[in-house]
Amino acid sequence: MNSYNINKGIGRTVEFKGLKAQYLFIFAGGLLGTLILVMILYMAGVNSYICLLLGAGGASLIVWQTFSLNRKHGEHGLMKIAANKRYPRYIICRKPVHRYLKFTPKSKAV
C-alpha cells in the first residue's frame, strides 16, 4: 500500500502531488461534484456509457484545469486575483481643486 506525505512541516501550506493550498480543495470538491453528478444521472436512468463518458470527461477536465491554475498562478494566486477585482481601477475626483485646499478651522469646545 502506498503512503503519501501530505504535510511537510509546521507553518507550511498543505501540498499533495504538487497541488498547494486552495487548489487542493478545488480539486477534491470538483471530483466529488463529478462523482455525485454521475451517481444522480445513473439513478435517473441515463445510459451507463453516457454516465461513464461524462464522469471521465468531467474528472479529466477538473484535473487539467486545477493543475493548470496551480502552475499559472501559484500558491496565493486566486486570492490575489479576487483582491484585484475588488480594488478600484482609478479614483474619480469630482470636486474642484480649491475645495481640497480650503482650510477649515476646528471649532473650540466650550
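Keep in mind that what you see is a predicted model, and the values were worked out from it rather than measured. (Residues numbered from 1 in each chain as written. Predicted model: local features only at pLDDT ≥ 70, side-chain atom pairs only at ≥ 80, totals over all residues. Heavy atoms only, no water.)

*Asks:* Quick question: what am I supposed to make of the UniProt feature "transmembrane region" (unreviewed entry) in the chain here?
*Replies:* In the numbering used here, UniProt assigns the feature "transmembrane region" (unreviewed entry) to residues 21-40 and 46-64. End C-alpha atoms of residues 46-64 are separated by 26 Å, and the span's content is 89% helix alongside 0% strand. (UniProt positions renumbered as here; feature names shortened; annotations may be inferred. Helix = DSSP H or I, 4+ residues; strand = E, 2+ residues; numbered from the N terminus.)

*Asks:* Would you explain a nonpolar patch on the surface in this entry?
*Replies:* A grouping of Leu32, Leu35, Ile36, Met39 and Ile40 is seen on the molecular surface, where their side chains present a nonpolar patch of about 460 Å² in accessible area. Relative to the assigned elements, leucine 32 resides in helix 1 (residues 22-43). (Patch = residues over 30% accessible without salt bridge, like charges linked within 9 Å, V, L, I, M, F, W, Y side chains within 5 Å. Areas by Shrake-Rupley, 256 points an atom, 1.4 Å probe, with all protein chains shown as cover. Salt bridge = Lys/Arg side-chain N within 4 Å of Asp/Glu carboxyl O.)

*Asks:* Got a minute to help me understand the packing of aromatic side chains in this structure?
*Replies:* Each aromatic ring pair is described using two quantities: the centre-to-centre distance and the angle formed by the ring planes. In this structure the tally under the stated criterion is 1 aromatic pair. Ring centres of phenylalanine 27 and phenylalanine 67 lie 6.1 Å apart, and the angle between their planes is 75°; on these two criteria the pair is classed as edge-to-face. You can see phenylalanine 27 sitting in helix 1 and its partner phenylalanine 67 sitting in helix 2 (residues 48-73), a full 40 residues away along the chain. Taking relative accessible area as the criterion, phenylalanine 27 reaches 17% and is therefore assigned buried. (Phe/Tyr/Trp six-rings, centres within 6.5 Å; stacked < 30°, edge-to-face > 60°. Buried < 20%, exposed > 50% of the residue type's maximum accessible area, 1.4 Å probe, protein only.)

*Asks:* So what exactly am I meant to see when it comes to the packing of helix 1 against helix 3 (residues 77-86) here?
*Replies:* When two helices pack together, you describe them by how their axes are tilted relative to each other and by the distance separating the axes. Where helix 1 contacts helix 3, the axes come no closer than 9 Å and their chain directions differ by 95°. Considered as vectors, helix 1 and helix 3 are oriented roughly perpendicular to each other. Across the interface between the two elements, Gln22, Tyr23 and Ile26 from helix 1 touch Gly77, Leu78 and Met79 from helix 3. Of the residues belonging to the contact of helix 1 with helix 3, the class tally is 4 nonpolar, 2 polar and no charged. (Axes fitted to C-alpha atoms, helices over the stretch in contact; angles between N-to-C directions. Parallel < 35°, antiparallel > 145°, perpendicular 65-115°, else oblique. Contact = heavy atoms within 4.5 Å. Nonpolar A, V, L, I, M, F, W, Y, C, P; charged D, E, K, R; others polar.)

*Asks:* Would you mind going over helix 1 with me for this structure?
*Replies:* Owing to its 3.6 residues per turn, the α-helix aligns residues three or four sequence positions apart on the same side. For helix 1, with 22 residues, the first-to-last C-alpha span of 32 Å sits near the 32 Å given by 1.5 Å per residue. The inward-facing, buried residues of helix 1 abut strand 1 (15-16), strand 2 (19-20), helix 2 and helix 3. Among the residues trailing helix 1, glycine 45 stands out with phi positive, at a value near 100°. (Expected span 1.5 Å × (residues − 1).)

*Asks:* Please explain the side chain of glutamine 22 as it appears in this structure.
*Replies:* Tracing the chain through its elements places glutamine 22 in helix 1. Here glutamine 22 falls in the buried class, since its relative accessible area comes to 18%.

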